[in-house]
Amino acid sequence: MTDSPKLKVKGLGWEDKEEIRDFEQARYFPFHSDLIVVVEDHIIRSYDELVKLLEQGKFKGKEYLEVMFLPIIVGG
């Protein structure tokens, strides 16, 4: 997608590093794993869902979107 914001990707919740990635690299995010993908406080389940979120215009003009991979914690 042209004019798409860059993605500031934070590690797996426990890692304190951040990487800048092109929007198109989101196609390879671990959407179907034991991680939750959160983009600007929205849980995203697929690349297509991320594209639809961007098309809504809510983030128009933003240079970066914050992305976090959070582990799913199961317990009782």
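Residues numbered from 1 in each chain as written. Predicted model: local features only at pLDDT ≥ 70, side-chain atom pairs only at ≥ 80, totals over all residues. Heavy atoms only, no water.

### Some points on the overall build of the chain
- Broken down by element type, the chain carries one helix and five strands.
- Put simply, the chain runs from its N terminus to its C terminus through helices and strands in the order β-β-β-β-α-β.
- Taking 2.2 N^0.38 as the reference for a compact globule, 76 residues should give roughly 11 Å; the C-alpha atoms of the chain span a radius of gyration of 12 Å, in line with that estimate.
- Taking the principal axes of the C-alpha coordinates as reference, the chain spans close to 40 × 25 × 20 Å.
- Counting only residues that meet the buried cut, the chain has 32% of its 76 residues in that class.
- Within the chain, residue pairs in contact and separated by at least 24 positions form 54% of the contacts whose partners lie at least 6 positions apart.
- Summed over all atoms, the accessible surface of the chain reaches about 5400 Å², with 49% contributed by carbon and sulfur.
- On the chain, the mean spot of the 11 positive side-chain charges and the mean spot of the 15 negative ones are 3 Å from each other. (Helix = DSSP H or I, 4+ residues; strand = E, 2+ residues; numbered from the N terminus. Rg over C-alpha atoms; globule rule 2.2 N^0.38 Å. Buried < 20%, exposed > 50% of the residue type's maximum accessible area, 1.4 Å probe, protein only. Contact = heavy atoms within 4.5 Å. Areas by Shrake-Rupley, 256 points an atom, 1.4 Å probe, with all protein chains shown as cover. Lys, Arg positive; Asp, Glu negative; His and termini not counted. Charge placed at Lys NZ, Arg CZ, Asp CG, Glu CD.)

### Details of the side chain of S4
- Tracing the sequence through the fold places S4 in the segment before β1 (6–10).
- S4 sits in the buried class, given a relative accessible area of 18%.
- Among all residues touching S4, those that are not within four sequence positions of it are F23 and L54.

### What about the pattern of salt bridges?
- Under the defined criterion, the tally for this structure stands at five salt bridges.
- Where D22 meets K6, a salt bridge forms, and the shortest distance between an N and an O atom there is 2.3 Å. Linking D22 in the loop between β2 (18–21) and β3 (35–39) with K6 in strand β1, this pair joins segments that are 16 residues apart in sequence.
- The partly exposed category is assigned to K6, whose relative accessible area is 35%.
- Between E24 and R27 there is a salt bridge; the shortest N-O distance is 3.1 Å.
- Taking relative accessible area as the criterion, R27 reaches 47% and is therefore assigned partly exposed. (Salt bridge = Lys/Arg side-chain N within 4 Å of Asp/Glu carboxyl O.)

### Remarks on the nonpolar core
- If you look at the biggest cluster of nonpolar residues, it comprises 19 residues, and the most contacted ones within it are L7, F23, F29, V37, V39, V67 and F69.
- Looking at this core, the elements with two or more residues in it are β1, β3, α1 (47–55) and β5 (64–71).
- For this core, the element with the highest residue contribution is α1, accounting for five residues. (Core = buried A, V, L, I, M, F, W, Y, C linked by side-chain atoms within 4.5 Å.)

### Structural notes on the sheet that holds strand β4 (residues 42–44)
- If you walk across this open sheet you meet the five strands as β2-β1-β5-β3-β4, and the pairing is mixed. Since the sheet does not close on itself, it has two edges, and those belong to β2 and β4, each with one partner. Across the sheet, the mean angle from the axis of one strand to that of its neighbour is 30°, orientation sign disregarded.
- By the bridge criterion, five bridges tie β1 to β5 in an arrangement that is parallel. Note that in β5 the partner of K8 across the bridge is E66. (Pairing = 2+ DSSP bridges. Axes fitted to C-alpha atoms, helices over the stretch in contact; angles between N-to-C directions.)

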